[in-house]
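What follows is the residue order along each chain.
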Amino acid sequence: TDISGVVVVGRGRRTVQVDWMNELNGNGAPAVTGLAIQRSTTPAFGAPSTTVVPLGTQSFAVANLLPNTTYYFRVRTTNASGQSLSNVVSVTTAP
């Protein structure tokens, strides 16, 4: 249930495009049952905003963001063994 290569490929004043690579079940892990993107304004992700996305999704446009604000993003997968988190990326929206 590995997610790798999480990157920001575009940013605007109120939107950010986040892409990643799915390596779902490629390592013999139990089948993935959930996929979500999380965002936070702190790198600790104390209370992240979580958006569930369809399995197999590899890109997501996050909208309704505040201008000139730094956001942190990661992707979470869930399966019978628990959850796994991707690398964290940060981006500052345009002013």
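What you see is a predicted model, and the numbers here were worked out from it, not measured in a lab.

## With respect to the overall build of the protein chain
Secondary structure assignment for the protein chain yields zero helices and eight strands. Moving toward the C terminus, one meets the helices and strands of the protein chain in the order β-β-β-β-β-β-β-β. Relative to a compact globule of 95 residues, whose C-alpha radius of gyration would be 12 Å, the protein chain shows 13 Å and is just as compact. C-alpha extents for the protein chain along the principal axes are approximately 45 × 25 × 20 Å. Out of the 95 residues in the protein chain, the part that is buried amounts to 36%. Pairs at least 24 apart in sequence give 59% of the contacts found in the protein chain among residues at least 6 apart.

## Concerning the packing of aromatic side chains
What the rule picks out here adds up to one aromatic pair. For the ring pair Tyr71 and Phe73, a centre distance of 6.4 Å and an interplane angle of 35° mean the geometry is tilted.

## Topic: the nonpolar core
Looking at soluble globular proteins, one finds that nonpolar side chains tend to be buried together. Of all hydrophobic cores here, the largest spans 15 residues; its most connected members are Val6, Val18, Trp20, Ile37 and Phe73. When residues of this core are traced back to their parent elements, those giving at least two are β1 (2-11), β2 (16-23), β3 (32-40), β6 (70-79) and β8 (89-92).

## Digging into the environment of Gln38
Inspection of the secondary structure assignment puts Gln38 in strand β3. Residue Gln38 is classed as buried on the basis of its relative accessible area of 6%. In this structure, the C-alpha to C-alpha distance between Gln38 and Asn68, residues 30 residues apart in sequence, is 19 Å. Dropping the residues within four chain positions of it, Gln38 is found in contact with Phe45, Pro48, Ser49, Thr50, Tyr72, Phe73, Arg74, Arg76 and Leu85. At a separation of 3.2 Å, a polar atom in the side chain of Gln38 contacts the side chain of Thr50. One polar contact links Gln38 to Arg74, side chain to side chain, over a distance of 2.6 Å.

## Some remarks on unusual backbone geometry
One non-glycine residue, Phe45, lies in the positive phi region at around 55°. Assignment of secondary structure puts Phe45 in the loop between β3 and β4 (49-52). Of note, Asn68 is a non-glycine position whose phi angle comes to about 55°, a positive value. With respect to the helices and strands, Asn68 occurs in the loop between β5 (59-62) and β6. Judged by its relative accessible area of 51%, Asn68 is exposed.

The rules behind each value
Residues numbered from 1 in each chain as written. Predicted model: local features only at pLDDT ≥ 70, side-chain atom pairs only at ≥ 80, totals over all residues. Heavy atoms only, no water. Helix = DSSP H or I, 4+ residues; strand = E, 2+ residues; numbered from the N terminus. Rg over C-alpha atoms; globule rule 2.2 N^0.38 Å. Buried < 20%, exposed > 50% of the residue type's maximum accessible area, 1.4 Å probe, protein only. Contact = heavy atoms within 4.5 Å. Phe/Tyr/Trp six-rings, centres within 6.5 Å; stacked < 30°, edge-to-face > 60°. Core = buried A, V, L, I, M, F, W, Y, C linked by side-chain atoms within 4.5 Å. Polar contact = N/O pair within 3.5 Å; in protein donor to acceptor, adjacent residues only side chain to side chain.

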